[in-house]
Amino acid sequence: MIGITGLTKSYNSRQVLKDVDLRILPGEVVAIIGPSGAGKSTLLRCINMLEVPDAGRIHVDGRQVFYTPNGRGKLGVLDQFRLTWLRREIAMVFQQFNLWPHRTVLDNLVEGPVIAKGQKRTDAVPRAMEKLRSVGLEDKADAYPADLSGGQQQRVAICRALMMDPKAILFDEPTSALDPELVNEVLDIMARLAKTGMTMVIVTHEMKFAREVADRVIFMEHGGIVAEGPPDEVFQHPRLRVYASHLSH
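Residues numbered from 1 in each chain as written. Predicted model: local features only at pLDDT ≥ 70, side-chain atom pairs only at ≥ 80, totals over all residues. Heavy atoms only, no water.

Focus: the pattern of salt bridges
Two side chains that carry opposite charge are able to pair once their charged atoms sit near each other. The condition that has to hold: The salt bridge definition used is simple: a Lys or Arg side-chain nitrogen within 4 Å of an Asp or Glu carboxyl oxygen. Think of it in three bands: residues with accessible area under 20% of the maximum for their type are buried, residues over 50% are exposed, and the middle band is partly exposed, with areas taken using a 1.4 Å probe on protein chains only.
Applying the stated criterion to the full structure yields 13 salt bridges. With its nearest N and O atoms 2.9 Å apart, the salt bridge here joins E111 to R103. Owing to a relative accessible area of 23%, E111 belongs among the partly exposed residues under this scheme. Overall, the relative accessible area of 30% leaves R103 in the partly exposed class.

Given below as structure tokens:
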């Protein structure tokens, strides 16, 4: 589903990603863990081109969306036209929810399908209500984001991502902005989603969740992949064990 080869990214003189190679299979749930500054979120943002890499190649669902023909970070002309396609096919759930504050929950959900995919609002609304019902928020359709708890806002953000019928969803530390008592309600939704066969790439500090839900765990440090494989195998890596011992969960 997602192929990454030789991906590098720097900010000024600081190299954040160093020749990262990664393959995500269709239907696979991959958890990316590691200390702050390891390049985890930058990797996600490069996949959907919120950040433009300096070098490397990215393929999504068989289409090349980024490459460096002359050894320097550059999008080919054809690939520019594929960015709109990429944003429709790969959804993203952010740390800070990123809901439109001046729109109701329902409007937040239907805007993407209506604007980006040209669906009729009369078709999008019943689907949006179905998504809200599945996360226990049907009664919040006419509420505004400010009226919701952080956990409720993140559940709405997940519903909004699903409204685009994406081929994969990227989660960038989706529980990091939540109060501790609200974390589990979001993780429960994500665990249920993982069982549906959705391709998911999740940057997280929730070690228990990564171990129990992910098909594969990627441990990153200093801009590169240190270890990857099945959770039980990767969690035995000496460096990861040191890192995990400093976490509270």
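What about the packing of helix α3 (residues 105-116) against helix α4 (residues 121-134)?
Heads up, the condition is: Note on method: axes are straight lines fitted to C-alpha atoms, helices fitted across the in-contact stretch only, with angles between N-to-C directions ranging 0 to 180 degrees. Numbering of helices and strands runs from the N terminus, with a helix taken as a DSSP run of H or I at least four residues long and a strand as a DSSP run of E at least two residues long. By definition in this entry, angles of less than 35 degrees are roughly parallel, angles greater than 145 are roughly antiparallel, angles of 65 to 115 are roughly perpendicular, and the rest are oblique. What makes a crossing left-handed is the near helix being turned counterclockwise from the far one by less than a right angle; a clockwise turn instead makes it right-handed. We call two residues contacting when some pair of their heavy atoms lies within 4.5 Å. Just so you know the grouping, Ala, Val, Leu, Ile, Met, Phe, Trp, Tyr, Cys and Pro go in nonpolar, Asp, Glu, Lys and Arg go in charged, and all remaining residues, Gly too, go in polar.
Interaxial distance between α3 and α4 falls to 9 Å at its minimum, and their mutual angle equals 130°. By the angle between their directions, the pair α3 and α4 is classed as oblique. Crossing geometry of α3 relative to α4 is assigned as right-handed. Between α3, through V105, L106, D107, L109, V110 and V114, and α4, the contact on the second element is made entirely by R121, A124, V125, A128, M129, K131 and L132. Partitioned by chemical class, the residues of the contact of α3 with α4 number ten nonpolar, no polar and three charged.

Observations regarding the packing of aromatic side chains
Filter applied, for reference: Pairing of aromatic rings covers Phe, Tyr and the six-membered ring of Trp, with a centre-to-centre limit of 6.5 Å; geometry is then stacked below 30 degrees between planes, edge-to-face above 60, and tilted otherwise. Criterion for a charge above a ring: Lys NZ or Arg CZ within 6 Å of the ring centre, and within 35 degrees of the ring normal.
Enumeration according to the criterion identifies one aromatic pair in this entry. Judged by centre distance (5.7 Å) and plane angle (40°), the ring pair of F219 and Y243 falls under tilted. Of this pair, F219 sits in strand β9 (residues 216-221) while Y243 sits in helix α9 (residues 238-245), and the two are 24 residues apart along the sequence. Y243 gets classed as buried once you look at its relative accessible area, which sits at 8%. Seen from the ring of W85, R63 lies directly overhead, with NZ or CZ sitting 4.4 Å from the centre. Taking the ring centre of F235 as reference, the NZ or CZ of R211 above it sits at 4.4 Å.

Focus on the sheet that holds strand β6 (residues 90-93)
How we decide: Here the rule is simple: two strands pair whenever DSSP picks up at least two bridges between them.
Across the sheet, six strands lie side by side as β6-β7-β8-β3-β9-β10; this open sheet has mixed pairing. Every interior strand has two partners, whereas the edge strands, β6 and β10 (224-229), have only one. Taken pair by pair, the neighbouring strands of this sheet meet at an average axis angle of 20°, ignoring direction. Alignment of β6 against strand β7 (residues 168-172), held across four bridges, turns out to be parallel. Across the sheet, the residue bridging to M92 is L170, located in β7. On the sheet, helix α5 (residues 150-162) packs against β6 and β7 and is oriented at approximately 175° with respect to β6.

Considering the environment of A38
Within the secondary structure, A38 is located in the loop between β3 (29-33) and α1 (40-47). The exposure class of A38 is buried, given its relative accessible area of 1%.

Comments concerning the nonpolar core
Heads up, the rule is: Think of a nonpolar core as a cluster: buried Ala, Val, Leu, Ile, Met, Phe, Trp, Tyr and Cys residues, connected wherever their side-chain atoms sit within 4.5 Å.
In this structure, L132, I169, F171, M190 and M200 are the most contacted members of the largest nonpolar core, which totals 42 residues. Counting only elements with at least two residues in this core, the list comes to β6, α3, α4, α5, β7, α6 (180-194), β8 (199-203) and α7 (207-213). When residues in this core are grouped by element, the largest group, nine residues, is from α6. Among the nonpolar cores identified, the runner-up in size contains 32 residues, and M1, L22, A168 and M220 belong to it.

What about the sheet that holds strand β2 (residues 14-24)?
Read from one edge of the open sheet, four strands run β2-β1-β4-β5, paired in antiparallel fashion. Among the strands making up the open sheet, the edge pair consists of β2 and β5 (63-66). The average undirected angle you get between the axes of adjacent strands in this sheet is 25°. Note that strand β1 (residues 2-11) and strand β4 (residues 55-60) share five bridges and pair antiparallel. Bridged to T5 within β4 is R57. Of the strands in this sheet, β1, β2 and β4 touch α1, which is tilted by about 120° from β1.

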